[in-house]
Each structure stands twice: as structure tokens, then as C-alpha cells.
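For reference, the chains in residue letters:
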Amino acid sequence: MTWDETGEAVTDRLVAASADGEDRAVEAALRPKDLGEFIGQERVREQLDLVLRAARARGGTADHVLLSGAPGLGKTTLSMIIAAEMGAPIRITSGPAIQHAGDLAAILSSLTEGEVLFLDEIHRMSRPAEEMLYMAMEDFRVDVIVGKGPGATAIPLELPPFTLVGATTRAGLLPPPLRDRFGFTGHMEFYAPAELERVIHRSAGLLDVDIEPDGAAEIAGRSRGTPRIANRLLRRVRDYAQVKADGLITKEIAARALDVYEVDLRGLDRLDRAVLDALLRLFGGGPVGLSTLAVAVGEERETVEEVAEPFLVREGLLARTPRGRVATLAAWAHLGLVPPRHNDAGGSQQGLFGP
Ligand SMILES: Nc1ncnc2c1ncn2[C@@H]1O[C@H](COP(=O)(O)OP(=O)(O)OP(=O)(O)O)[C@@H](O)[C@H]1O
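Residues numbered from 1 in each chain as written. Predicted model: local features only at pLDDT ≥ 70, side-chain atom pairs only at ≥ 80, totals over all residues. Heavy atoms only, no water.

Draft legend 1. Quick peek at the overall build of the protein. The number of helices and strands found in the protein is 14 helices and 9 strands. Once local pairs closer than 6 in sequence are excluded, the contacts in the protein between residues at least 24 apart make up 69%. Here the protein displays about 16300 Å² of accessible surface, and carbon together with sulfur accounts for 53% of that area. Here the protein contributes 40 positive and 52 negative side-chain charges, whose respective centroids are spaced 3 Å apart. (Helix = DSSP H or I, 4+ residues; strand = E, 2+ residues; numbered from the N terminus. Contact = heavy atoms within 4.5 Å. Areas by Shrake-Rupley, 256 points an atom, 1.4 Å probe, with all protein chains shown as cover. Lys, Arg positive; Asp, Glu negative; His and termini not counted. Charge placed at Lys NZ, Arg CZ, Asp CG, Glu CD.)

Here is the structure:
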């Protein structure tokens with residue numbers, strides 16, 4: 001299996017949270033342009049609004065901002081909004097793209113006053129670059145090392161004030177000295193279905209797609225709390241509505257389309273359901289070891305662990321216990337199966353070969 005620059009497993013799943021080529025092509029057109037247009041994330045939005053208003057009133061540069069949260073929740077979008085609200089240009093790069101301190105020095109020294117530097121996956125920057133960033137954030141200065149060995153000298157370089165917007169999927173991975181240098185940290189949550197409905201209506205308007213409220217609700221419920229997935233499912237449902245109907249997305253059309261694409265009512269796809277199905281039918285709900293489960297579904301261990309399990313755990317359908325993987329009662333209900341009588345979270349072995 002391979003991983004993308006965010007550390008997420010690369011798959012061709014319709015419900016993947018990371019961006020594929022088509023997403024990148026349409027996302028620019030779908031991004032909200034200001035805080036008022038940005039849906040959901042009330043707390044982050046309100047706090048950020050205060051930070052930006054205060055900076056504008058002072059006529060200065062906004063404090064550095066750290067955004068944490070899962071892929072596809074709107075971190076890049078928010079960073080662009082920050083720049084737009086400050087009337088500043090934005091430069092976009094990512095931690096893995098900065099392997100040497102010199103790469104970072106080149107970017108920092110070319111920033112203009114007030115510019116926003118968006119550093120995606122900031123936790124994946126190299127150590128020397130990270131140390132250079134500490135000084136740049138705090139003192140708007142970097143030491144550029146010229147030469148090598150004993151003759152090397154540090155030449156201080158003044159930087160114009162800028163705003164760093166760092167994004168990370170895991171704030172806990174950031175070293176405390178880096179975390180402490182951000183004036184504001186916003187944690188992005190998964191979106192509620194009603195918020196995703198608004199995202200879908202907004203995107204449908206921009207893409208010139210006709211959609212009924214029930215149709216949007218049907219897509220929202222299957223979008224795993226993630227706007228990027230909601231937008232992708234909307235595009236696939238639009239295709240279906242065009243080919244199989246008159247183009248209007250109703251509840252029934254959305255449900256039929258997403259059934260064809262094998263995305264179920266809770267947003268589980270074929271792989272997710274195969275894992276649950278094996279856990280329930282073959283192992284009576286567990287506990288069962290990861291390797292055994294992976295063999296049962298004919299997948300690699302990593303695929304089950306990295307691709308399927310995180311969402312199943314988040315949805316409360318599967319638990320990882322020291323004794324192995326265990327299905328919850330909600331998993332039995334979701335697949336329409338009856339749990340063996342003594343099944344519990346500790347995982348009775350009763351009904352090993354399933355109901
Ligand atoms: N609050 C929102 N309202 C409307 N659309 C949103 C919102 N958040 C995200 N989107 C849409 O979802 C898509 C993905 O958002 P974005 O690229 O900002 O996510 P991200 O968190 O930066 O993801 P990654 O970490 O993978 O880069 C964009 O097309 C954007 O238009």
C-alpha cells in the first residue's frame with residue numbers, strides 16, 4: 001500500500017477523505033471565499049473572526065494560526081479565507097516539500113509584508129527546517145548558514161512580518177516549542193449531517209445541479225462528516241441523475257446512485273462492510289486478531305488497519321481491544337444480523353461461526 005503526503009493511505013475509494021485528481025480540479029471552484037460563506041465549525045469560525053478583526057483594527061499582521069483536523073474538513077479553505085480577510089496574498093507549501101532548512105529560508109525570505117504562508121502537514125517538516133521556523137515565527141528573523149564545517153558562518157536575515165497558517169491532521173505530533181508559537185489553534189471537527197446538507201446545496205448551486213432537500217440529506221448522511229466526500233458523492237450522484245433520470249437529484253435517485261457505488265446509509269463502502277461482515281459472520285463478533293481478520297477478507301493487514309478500521313472505530317461499529325478486534329452491538333444492527341446471546345464487549349466466543 002502507498003501513502004499520500006498527508007500520511008493517508010492512497011486508495012481509489014469514493015469515500016476516501018484525501019483529495020484525488022478530480023477533487024483538485026473542481027475544489028478551487030467550490031471553496032467558500034470568506035468566513036461568512038464557510039459552513040459549520042462555529043467555534044473555530046467565531047474565534048478566528050475575532051483574531052482577524054483585531055489584527056485588522058490594529059493595522060497589523062494576524063497572529064500565527066494552527067489548524068488541526070482530519071483531511072477534507074476545510075483547513076486549506078480556511079487558510080485562503082484568512083488571507084482574503086486580511087487582504088493579503090497567500091503562499092502554499094507543505095511540510096514534506098521542505099526537507100532542508102535552505103528550502104524554508106528561500107520561501108521565508110521571499111515573503112512580502114503581511115503575506116500568509118500556508119504550511120500543510122506541518123508535522124512532517126524536517127528537524128532543521130522546524131528549528132529555523134521557531135525563530136522566524138517569533139522574531140521574524142532567520143540565520144542563513146553560509147559555507148560548511150568550521151568555516152561556516154550564520155548570516156542573520158530580517159523577515160517582513162507574516163502570518164504562518166500551519167495545518168496538521170495530528171496536533172499531538174507537533175513538538176511543544178512549535179505548538180506554543182501559534183497565537184491561535186483551531187480544532188476542526190467532523191461536520192453534522194445538517195451542515196453537510198448546506199455544503200451540498202451550496203456546491204449544487206455552483207455546479208448548476210438541481211437537487212431536492214431530501215436528495216441532499218441522503219447524500220449528507222453517507223458523507224462521513226467530511227465536505228470533500230460530500231462534494232465527491234454529489235458529483236457521482238449528478239452523473240447518475242443525468243444518465244438514468246432527468247438530472248434532478250431526488251432522495252430516491254441519490255439512494256439508488258449511492259447503492260450502485262456501494263456507499264451505504266452510514267457511509268460504509270464495500271471494504272468496510274467486508275471487514276464487519278467477516279468479523280460478525282466468521283468470528284461471532286470477535287475478539288479476533290488483525291492478521292486473521294485480514295486473511296478472512298483477503299486484504300493486507302495494513303489495508304484493514306489503516307483504511308477500513310479508523311472509520312469503523314469512529315462510527316462505534318468496531319473496537320480495538322488488547323485481545324483483538326470486537327464488533328459492537330451497533331455493527332450487528334447495521335448489517336441486520338442478530339448477535340449471539342452472550343456476545344459482549346469482552347467478546348464471548350459463543351456463536352463463533354455466526355448466526
Ligand atoms: N466549511 C465548508 N463549507 C463549504 N465547503 C467546504 C467547507 N470545508 C471544506 N469545504 C470543501 O471541501 C473541500 C476540501 O476542503 P479543503 O481542501 O479545505 O480540506 P483540507 O482540510 O485542507 O484537506 P487536506 O488536509 O486533505 O488538504 C473543498 O472543496 C471545500 O470547498
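Read on for the rest.
Draft legend 2. Representation of the packing of aromatic side chains. As enumerated under the stated definition, the model contains 1 aromatic pair in all. A ring pair is formed by Phe140 and Phe162, whose centres lie 5.4 Å apart and whose planes are at 80°; its orientation type is edge-to-face. You can see Phe140 sitting in the loop between helix 5 (127–139) and strand 4 (141–146) and its partner Phe162 sitting in the loop between strand 5 (153–158) and strand 6 (163–168), a full 22 residues away along the chain. Classification of Phe140 by relative accessible area gives partly exposed; the value is 22%. Looking at Arg224, its charged tip hangs above the ring of Phe311, at a distance of 3.9 Å from the centre. (Phe/Tyr/Trp six-rings, centres within 6.5 Å; stacked < 30°, edge-to-face > 60°. Buried < 20%, exposed > 50% of the residue type's maximum accessible area, 1.4 Å probe, protein only. Lys NZ or Arg CZ within 6 Å of the ring centre and 35° of its normal.)

Draft legend 3. How the structure looks around the sheet that holds strand 7 (residues 184–187). Read from one edge of the open sheet, 5 strands run 2-3-6-1-7, paired in parallel fashion. If you trace the sheet from one side to the other, it starts and ends with strand 2 (90–94) and strand 7, each paired once. Sheet twist, expressed as the average angle between the axes of neighbouring strands with direction ignored, equals 15°. The sheet contact formed by strand 3 (residues 116–120) and strand 6 spans 4 bridges and is parallel. Within the sheet, the bridge partner assigned to Val116 lies in strand 6 and is Thr163. This element, helix 3 (residues 75–86), spans strand 1 (65–68), strand 2, strand 3 and strand 6 of the sheet and lies at about 170° to strand 3. (Pairing = 2+ DSSP bridges. Axes fitted to C-alpha atoms, helices over the stretch in contact; angles between N-to-C directions.)

Draft legend 4. Looking closely at the UniProt feature "binding site: Mg(2+)" (unreviewed entry) in the protein. As recorded in UniProt, the feature "binding site: Mg(2+)" (unreviewed entry) lies at Thr76. Tracing the chain through its elements places Thr76 in helix 3. Once you skip the residues sitting within four places of it in the chain, Thr76 turns out to touch Arg31, Phe118 and Asp120. (UniProt positions renumbered as here; feature names shortened; annotations may be inferred.)

Draft legend 5. View of the pattern of salt bridges. Across all of its chains, the model carries 29 salt bridges by this definition. The salt bridge partner of Glu315 is Arg266, with a shortest N-O separation of 2.8 Å. Remark: Arg266 occurs in the loop between helix 10 (251–260) and helix 11 (270–281) and Glu315 occurs in the loop between helix 13 (301–314) and strand 8 (318–321); sequence separation between them is 49 residues. One salt-bridge network, in which partners are shared between bridges, spans Glu22, Arg235, Arg236, Arg238 and Asp239. (Salt bridge = Lys/Arg side-chain N within 4 Å of Asp/Glu carboxyl O.)

Draft legend 6. Expanded view of the UniProt feature "binding site: DNA" (unreviewed entry) in the protein. Under the UniProt annotation, the feature "binding site: DNA" (unreviewed entry) is placed at Arg301, Arg320 and Arg325. The annotated residues occupy 25 residues of the chain but converge on a single region, no pair of C-alpha atoms lying more than 14.0 Å apart. Positionally, Arg301 belongs in helix 13. Contacts of Arg301, omitting those with residues within four sequence positions, involve Leu290, Ser291 and Ala294. Residue placement: Arg325 occurs in strand 9 (residues 324–327). Given a relative accessible area of 11%, Arg325 falls into the buried group.

Draft legend 7. Seen up close, helix 5. Compared with an ideal rise of 1.5 Å per residue, which puts 13 residues at 18 Å, helix 5 spans 19 Å between its outermost C-alpha atoms and is within 8% of the ideal. Three or more residues of helix 5 are buried, namely Ala129, Glu130, Met132, Leu133, Tyr134, Ala136 and Met137. Each element contacted by the buried residues of helix 5 is listed here: helix 4 (101–109), strand 3, strand 4, strand 6 and helix 6 (176–179). Downstream of helix 5 by one or two residues, Phe140 has phi in the positive range, about 50°. (Expected span 1.5 Å × (residues − 1).)

Draft legend 8. Seen up close, the nonpolar core. With 47 residues, the main nonpolar core has Leu78, Ile200, Ile211, Ile219 and Ile249 as its most contacted residues. No other element matches the 7 residues that helix 9 (residues 227–244) contributes to this core. Structurally, this core is a two-domain feature, drawing no fewer than three residues from each of domain 1 (41–187) and domain 2 (193–260). Setting aside chain neighbours within four positions, we find Ile249 in contact with Val209, Asp210, Ile211, Glu212, Gly215, Ile219, Leu234, Val237, Arg238, Ala241 and Ala254. Grouped together as the second largest cluster of nonpolar side chains are 25 residues, Leu104, Val142, Phe162 and Leu178 included. (Core = buried A, V, L, I, M, F, W, Y, C linked by side-chain atoms within 4.5 Å. Domains from an automatic or database assignment.)

Draft legend 9. Examining the site of the ligand more closely. Inspection of the region around the ligand gives 19 residues, with Ile39, Lys75, Thr76, Thr77 and Arg228 positioned closest. Measuring from an oxygen atom of the ligand, one finds a backbone N or O atom of Leu73 at 3.2 Å. Separating an oxygen atom of the ligand from a backbone N or O atom of Lys75 is a distance of 2.8 Å. Counting atoms within 2 Å of the grid points, the majority share of the ligand lands in the largest pocket. (Near = heavy atom within 4 Å. Polar contact = N/O pair within 3.5 Å; in protein donor to acceptor, adjacent residues only side chain to side chain. 1 Å grid on protein atoms, 1.4 Å probe; cavity = no way out; pocket = protein on both sides within 12 Å on 5 of 7 lines; lining within 4 Å. Sits in = over half its atoms within 2 Å of the grid points.)

Draft legend 10. Region of the structure containing the pairing of strand 3. Burial runs high along strand 3: 5 of the 5 residues are buried. Neither face of strand 3 is exposed, since Val116, Phe118 and Asp120 on one face and Leu117 and Leu119 on the opposite face are all buried. Of the pairings in the sheet, the one linking strand 2 to strand 3 comprises 5 bridges and is parallel in character. Across the sheet, Ile90 pairs through a bridge with Val116, a residue of strand 3. Regarding the hand of the β-α-β motif, the stretch spanning strand 2, helix 4 and strand 3 is right-handed. (Right-handed = clockwise from strand over helix to strand, strands pointing away.)

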